[in-house]
Amino acid sequence: MKSNIALIGFMGTGKTAVGRVLADRLSMQFIELDALIEQRAGKTIPEIFTQDGEIAFRELEIEATRDVAEKENTVVACGGGVVLNQINIDRLRKHSVIVYLTASPEAILKRTLSDKNERPLLVAEDKAGEVKKLLEFRQPFYERAADITVDTSGLDVAGVVEKIITRLKENESYH
Ligand code: S3P
């Protein structure tokens, strides 16, 4: 039986906000992978990207995922790119049901539009084009990793949390 829940999905699909409320509802611990990476590196994600580059960030992400994957009774909100390295998914899968949050490109664009530097991969002239391109490339990675897929369209955080809880009850590997 798996006692953890790992939330995956593109930037702006609500992993962090949903993860917090979900953990609260199920009396589980909550960990945001990006926050753990920042804490360990002593700098922000944008600083890691600009000073050290994306590859260095991915290495930190692999280390943080490895450690978090061993926890129990924990909801983990992963960064959007966690699926890019299969080792992360293999490790998470051992103790976590993997829940994939989806949203339309329009909703993602709307939710991420207000961030200036928060998401280094979306700092682009043509942000809509960038979201579309990245989404298309990543979709198969998310789909392959997912145990459960939850469409967040038209739902607020509480609505997404309820939907996840319903789907978890139907999932045999989660207790
Ligand atoms: C990334 C997503 C970000 C963060 C980093 C890279 C990605 O997390 O890990 O900027 O590659 O999709 P969020 O999905 O929480 O924005």
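Located above this text is the structure these notes cover.
Model, not experiment: these values are computed from the prediction.

Colleague: Describe in detail the overall build of the protein, supporting the description with residues and values.
Modeller: If you tally the helices and strands in the protein, you get eight helices and five strands. Along the protein, from the amino end to the carboxyl end, the secondary structure elements read β-α-β-α-α-α-β-α-β-α-α-β-α. Over its C-alpha trace the protein gives a radius of gyration of 15 Å, about what one expects of a compact globule, namely 16 Å for 175 residues. Along the first, second and third principal axes, the C-alpha atoms of the protein reach 45 × 35 × 25 Å. Counting all 175 residues of the protein, 44% fall into the buried class. Across the protein, every contact between residues at least 6 apart in sequence was considered, and the portion connecting residues at least 24 apart equals 73%. Of note, the protein has its 24 positive side-chain charges centred 2 Å away from the centre of its 28 negative side-chain charges.

Colleague: Now, about the sheet that holds strand 3 (residues 74-77): what can you tell me, with residues and values included?
Modeller: Here we have five strands laid out as an open sheet, ordered 2-3-1-4-5, and parallel in their pairing. Strands at the two margins of the open sheet, each flanked by one partner only, are strand 2 (29-32) and strand 5 (148-151). Here the strands of the sheet are splayed against their neighbours by 20 degrees on average, with no regard to which way each runs. As paired strands, strand 4 (residues 96-102) and strand 5 are joined by four bridges and run parallel to one another. From the neighbouring strand, Thr-102 faces strand 5, where its bridge partner is Asp-151. On top of the sheet, helix 8 (residues 157-170) reaches strand 1 (4-8), strand 4 and strand 5; it is set at about 155 degrees to strand 5, its chief contact.

Colleague: Please provide a residue-by-residue account of the layout of surface pockets, values included.
Modeller: As a volume, the largest pocket reaches approximately 570 Å³. In terms of lining, the largest pocket is formed by 29 residues, of which the most central are Met-11, Glu-32, Asp-34, Glu-118 and Arg-119. Elements with a minimum of two residues in the lining of the largest pocket: helix 1 (15-25), helix 2 (33-41), helix 3 (45-52) and helix 4 (54-68). Looking at the lining of the largest pocket residue by residue, the class counts come to eleven nonpolar, eight polar and ten charged.

Each value, and the rule that gives it
Residues numbered from 1 in each chain as written. Predicted model: local features only at pLDDT ≥ 70, side-chain atom pairs only at ≥ 80, totals over all residues. Heavy atoms only, no water. Helix = DSSP H or I, 4+ residues; strand = E, 2+ residues; numbered from the N terminus. Rg over C-alpha atoms; globule rule 2.2 N^0.38 Å. Buried < 20%, exposed > 50% of the residue type's maximum accessible area, 1.4 Å probe, protein only. Contact = heavy atoms within 4.5 Å. Lys, Arg positive; Asp, Glu negative; His and termini not counted. Charge placed at Lys NZ, Arg CZ, Asp CG, Glu CD. Pairing = 2+ DSSP bridges. Axes fitted to C-alpha atoms, helices over the stretch in contact; angles between N-to-C directions. 1 Å grid on protein atoms, 1.4 Å probe; cavity = no way out; pocket = protein on both sides within 12 Å on 5 of 7 lines; lining within 4 Å. Points joined across faces, edges and corners; volume = space filled by probe spheres on them. Nonpolar A, V, L, I, M, F, W, Y, C, P; charged D, E, K, R; others polar.

Interpretation in functional terms is not warranted from these geometric data alone.
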